[in-house]
Amino acid sequence: MKQSRYRWDQGWRVRMLGLLVFLLSIMVALGFELRLTFGSLKDVQDRADLTRKRVVDMEKVTGAFAEMTSAVRGYIMSGNETFLQPYYSASAQVDALLIGLNAAAEGDSEQVSRIRQIQGLVDTWRTDVSEKEITARRQGSPNAGMLVVNGTGLNFIGEIKNSASAYIGGEQSKLRDELERSARATDNFVRITWISVGGAAVLALAGFVVFARSITRGTGALAAAAGRIAAGERAVAVDSTLEGELREVAEAFSAMSMTLAAQEEELQAQQEELIAQNEELLAQQEELQARTEALERQDMKVRRLNRIGDKLIGTLEIADVCSLILDEYLELYKGTGGLMLVGDQHSELLTVQTERWLSPQWPGTKLKPAGPLARCVERQEVVVVRYPDVSHQVETWQGALPVMQEIYIPLVHGGRVAGVALVVHSEGLAIPEEAEALWSSVARQAAVALVAAIGHGEVRKGLQALQEQAAQVEELNAQLEEERDRASAQLDIYLSIVSTMRPGAWLTDTAGNLLVVNATFQEFFGEIPVPANLEAVLTRMAKHLPPGDPFISGVRSLVQSIDRAGGGTIQLTNGYVLQWSSAPVGRGNGLVGRLFTFQDVTELAKLDRLKSEFVNTVSHELRTPLTSIMGYLSLVMNEQVGPLEPQQKEFLAVVKRNTDRLSNLINDLLDVQRIEAGRMPLQCRPVQLADVVTHVAETFRVQAEAKGLAYKVEVDPTGIPLISADPDRLTQIASNLVSNAVKYTREGQVRVAVQQDHLSVQLIVEDSGVGVAPADQKRIFEKFFRADNKYAREAGGTGLGLSIVKMLVEEHGGHIKVESELGKGSRFIVSFPLVLDSPGAD
């Protein structure tokens, strides 16, 4: 059958028609994309207009609310009812605008919440501020206007403005998002347009290239096939799409390539058979060589074990045994350095016994198994740890040594790890095959020798300890005889001193039992027979005290803490007012007991009461006019009665600072009088001091950081027991101390901490401020006392804060002390007795 000729023009027409159809499809797609883009832009514009309208309505709400506040102030200041008309109209406008905004924001829970918050604030302001002020003004109350101008009214105005700003910010954020989506849609349309035009151009060029390529492809394929055959390639297949004479030539090339490929495969098979025979001979040779090396390693292992056994036999000193074991493992593992750790029979700790090429500080160090050491002990197997970099280091006598690899070898005897050998490498070396083969055998011999050395050491230590204990018993007996004689002589001296003291005196032994009282004490409390135990004495004294007086419990607490001093004031039912103090007598082994002294201050108490009544009366008389001054001053400074000149504002600021200072002074005076008069009873309950101090410390953080101070709060309630205290008074104590620390520190740091100390919980406030001179430290807790230095005068104050702190601390049964150095800072330590049955109490 005659083969037809290929028509090149027919393929060209088909390609051109397909290209035109594709270009037309691109144009239609571009039109559709253009319509969607303009529609999206129109939707974005509509939503932007709605958002702008909501922002304008919210601004109208804030403006109408400002008009309401101005109308109320005008009515309060003038009493003219016409000022209330704009108030009610603005109130109705606010409600209408908020209802519209709430309906428009439906579906946006965050904006709806903000609108409802504003509505609630406006309603609350109308109920709690404006309506009350209008009613007070109509009734002619002198306090009318105080709610509008003080913190209550101003707080509502600030919160409403903040909520409105948050709403406007949310709407503006949505507007920005819409505009960004519009910009992205426009950019996408331009990008798609350019991509489509570029694609059409590329396709047109590709069509021309394909047309040209179809003419030259046939001859090129034949030339390539000829070149591959000439280069030695076999089974070459030529493109099967060729037509006419080119196809016949291609089939001839393929047949020739197949013939050459068959001949080459035959030669390859013969070559592979020869290679297989050669490999079999090589395998037999390698097997003989491996058997020879295994026999040599076994012989070496036997000789090495014999050498190690010879070294370990004959010594029972643990230091020598550990050195021999460590040296052997360092040689076995080719280590840079190492440690020998010995187990403790009574704990899980391991003690470093010997080191090699590391720091001489290692011996004697006790290590708790952790990480790879713990795995080695628990699994009783060798643990190899490789570190990817040189960040891991170990101390040597020359400095820090980078460690790339550590090997932990356990020495196991009787199912227990007697010790661990640690070998370190400064390079990541592979473990020698000899070490892997010998480690268990060496470990068994080393463990037996180590256990024997440990047992020998324990026996020797036991004998030495018995000898030392015998010597100590003899020495203690001699010391006891000497101390008994000395204590007897001291007791006679103390009894003579107490009997001749002018103040009332009561001496107890360390258990609180009565040793002696003098005549003055018996004048105060009646005759008490000697000897008598503590409870009998307290029962006799309680008859002369008011019911529930804390003196009795304070005495018990002091007797239980024999090293602590105490004191205070008590008033007896027979009319005496006594200043009492207590301190331990003697120190250390010479401790005799505790001495209580009672000084008659009845006349001084009367004078102090008259002084307190005078100060209390003056404080109350000053407080009433001062309240009026502060109220009217606030109105003037807020420009409620007219605008102020800059100089007037400056003068009024000076007046306000001094009125605030006078107010603080009056409040402190009243607190002092209430405490001294017993009119500030403590509402005590179990309290976590750490929680109260944390809250107070955070209150002053902003003030401290504004001055550039390092502000440290080291308060962790974990493990801190409870104390019995009044939370409000604790807050007052902590606030005074932290406020003073921040106030009197120019630079440096302020540290606030809470910690447990035996039977008390301590509050510590430490600063690096101006400090207190040694002479001033004795008077720092006195009323009205202030240190004489320039910075203290600039900082201001009443001189009553620390006095109030001391009185409140003593009311809680605690005590306060100060440690300070002039120019370097101060450290105040407040100790509170803890609740003995609370968690963490000893």
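Refer to the structure printed above.
As the structure is a computational prediction, the values presented were derived from the model and not from experiment.

**Student:** Just to check I follow, could you spell out the overall build of the chain for this structure?
**Tutor:** Counting its regular elements, the chain contains 20 helices and 20 strands. Taken over 842 residues, the chain has a buried fraction of 36%. Taking the intrachain contacts of the chain between residues at least 6 apart in sequence as the baseline, contacts between residues at least 24 apart amount to 62%. Here the chain has roughly 49000 Å² of accessible surface; of this, 56% comes from carbon and sulfur atoms.

**Student:** What should I look at first to understand the pattern of salt bridges in this one?
**Tutor:** Once their charged atoms are close, side chains differing in charge can pair, the charge on each being opposite to the other. Scanning all chains against the criterion turns up 17 salt bridges. A salt bridge links glutamate 348 to lysine 368; the nearest nitrogen and oxygen atoms lie 3.7 Å apart. Residue glutamate 348 is found in the loop between β1 (337-343) and β2 (350-356), and its partner lysine 368 is found in the loop between β3 (366-367) and α8 (372-379); the two are separated by 20 residues along the sequence. Look at lysine 368 and you get exposed, because its relative accessible area is 56%. What emerges from the salt-bridge pattern is a single network uniting Glu714, Arg751, Glu766, Lys817, Glu819 and Arg827.

**Student:** Help me understand the pairing of strand β4 (residues 383-386), please; the structure alone is not making it clear to me.
**Tutor:** Every other side chain in a regular strand lies on the same face of the sheet, so the side chains alternate between the two faces. Alternating positions in β4 separate cleanly, Val383 and Val385 being buried on one face and Val384 and Arg386 remaining unburied on the opposite face. Where β4 and strand β7 (residues 405-413) come together, four bridges link them in antiparallel fashion. Bridging from a neighbouring strand, valine 385 pairs with glutamate 406 of β7.

**Student:** Explanation requested: the sheet that holds strand β11 (residues 566-571) in the structure shown.
**Tutor:** Sheets are built from strands that pair by backbone hydrogen bonding, the pairs being arranged parallel or antiparallel. Spatially, the five strands line up as an open sheet ordered β10-β9-β13-β12-β11, and their pairing is antiparallel. The sheet is open, and its two edges are formed by β10 (514-517) and β11, each paired on a single side. Sheet twist, expressed as the average angle between the axes of neighbouring strands with direction ignored, equals 20°. Where β11 meets strand β12 (residues 577-585), six bridges bridge the pair, whose relative direction is antiparallel. Each bridged residue has a counterpart across the sheet, and for glycine 566 the counterpart in β12 is serine 582. Against the sheet, helix α11 (residues 534-542) makes contact with β9 (504-509), β10 and β13 (593-600), and its axis sits at roughly 155° relative to β9, the strand it touches most.

**Student:** Explain α11 to me, please; I cannot follow it from the model alone.
**Tutor:** An α-helix turns once per 3.6 residues; consequently, residues spaced three or four apart project the same way. All of the buried residues in α11 are Leu534, Val537, Leu538 and Met541. Take α11 and look down its axis: the buried residues cluster within an arc of 95°, on one side only. Residues of α11 that are buried sit in contact with β9, β10, α10 (519-525), α12 (551-560) and β13.

**Student:** How do you make sense of the pairing of strand β20 (residues 825-833) when you look at a structure like this?
**Tutor:** Burial analysis of β20 places seven of its nine residues in the buried class, which makes it a mostly covered element. Relative to β20, strand β18 (residues 760-767) runs antiparallel, the two being bridged by eight bridges. Directly across from leucine 763, in β20, lies its bridge partner valine 830. Here seven bridges tie strand β19 (residues 815-821) to β20, and the two strands are oriented antiparallel to one another. Looking at β20, one finds that glutamate 819 is bridged to arginine 827. Connecting β19 to the next strand, β20, in antiparallel fashion are three residues, including glycine 823 with a positive phi near 85°.

**Student:** Is there a simple way to explain the sheet that holds strand β8 (residues 416-425) in this structure?
**Tutor:** Overall, antiparallel pairing links the six strands, which are arranged β3-β2-β1-β8-β7-β4 in an open sheet. With partners counted over all chains shown, the strands left at the sheet margins are β3 and β4, one partner each. Judged from the two bridges that link them, β2 and β3 form a sheet pairing that is antiparallel. Paired with leucine 350 across the two strands is leucine 367, which belongs to β3.

**Student:** What am I meant to see in the side chain of arginine 594 here?
**Tutor:** Relative to the helices and strands, arginine 594 resides in strand β13. When its relative accessible area of 0% is taken as the criterion, arginine 594 is described as buried. A polar contact is formed between the side chain of arginine 594 and the backbone oxygen of leucine 558, at a distance of 3.2 Å.

**Student:** What am I meant to see in the side chain of threonine 351 here?
**Tutor:** When you line up the elements, threonine 351 lands in strand β2. Take threonine 351: its relative accessible area is 18%, and that puts it in the buried class. A distance of 3.1 Å separates polar atoms of two side chains, one belonging to threonine 351 and the other to lysine 366.

**Student:** Where do I start with the packing of aromatic side chains in this structure?
**Tutor:** To describe a pair of aromatic rings, you give the distance between the ring centres and the angle between the ring planes. Under the counting rule described, the total for this entry stands at 10 aromatic pairs. Summarising the aromatic geometry, the rings of tyrosine 87 and tyrosine 88 are spaced 5.0 Å apart at their centres and angled 65° between planes, so their arrangement reads as edge-to-face. Through a chain of ring-to-ring contacts, the aromatic side chains of Phe521, Phe525, Phe551, Trp580, Phe596 and Phe598 assemble into a single cluster.

**Student:** What am I meant to see in α8 here?
**Tutor:** Taken residue by residue, α8 has Pro372, Leu373, Ala374 and Cys376 as its buried positions. Where the residues of α8 are buried, they touch β1, β2, β4, β7 and β8. Looking one or two places after α8, you find glutamine 380, whose phi comes out positive at around 55°.

**Student:** Sorry, what's going on with the packing of helix α2 (residues 84-104) against helix α3 (residues 109-138) here?
**Tutor:** Helix-helix packing is described using two parameters, namely the angle between the two axes and the distance between the axes. Packing of α2 against α3 brings their axes to within 10 Å, and their N-to-C directions diverge by 165°. For the element pair α2 / α3, the angle class is roughly antiparallel. Every pair of crossing elements has a handedness; the one defined by α2 and α3 is left-handed. Contact residues: Leu84, Tyr87, Tyr88, Ser91, Val94, Asp95, Leu98, Leu101 and Asn102 in α2; Val112, Ile115, Arg116, Ile118, Gln119, Val122, Trp125, Arg126, Ser130, Glu131, Ile134 and Arg138 in α3. Grouping the amino acids of the contact of α2 with α3 by side-chain chemistry returns 12 nonpolar, four polar and five charged.

Here is what the cut-offs are and how they apply
Residues numbered from 1 in each chain as written. Predicted model: local features only at pLDDT ≥ 70, side-chain atom pairs only at ≥ 80, totals over all residues. Heavy atoms only, no water. Helix = DSSP H or I, 4+ residues; strand = E, 2+ residues; numbered from the N terminus. Buried < 20%, exposed > 50% of the residue type's maximum accessible area, 1.4 Å probe, protein only. Contact = heavy atoms within 4.5 Å. Areas by Shrake-Rupley, 256 points an atom, 1.4 Å probe, with all protein chains shown as cover. Salt bridge = Lys/Arg side-chain N within 4 Å of Asp/Glu carboxyl O. Pairing = 2+ DSSP bridges. Axes fitted to C-alpha atoms, helices over the stretch in contact; angles between N-to-C directions. Arc of directions from axis to C-beta. Polar contact = N/O pair within 3.5 Å; in protein donor to acceptor, adjacent residues only side chain to side chain. Phe/Tyr/Trp six-rings, centres within 6.5 Å; stacked < 30°, edge-to-face > 60°. Parallel < 35°, antiparallel > 145°, perpendicular 65-115°, else oblique. Left-handed = near helix turned anticlockwise from the far one by under 90°. Nonpolar A, V, L, I, M, F, W, Y, C, P; charged D, E, K, R; others polar.

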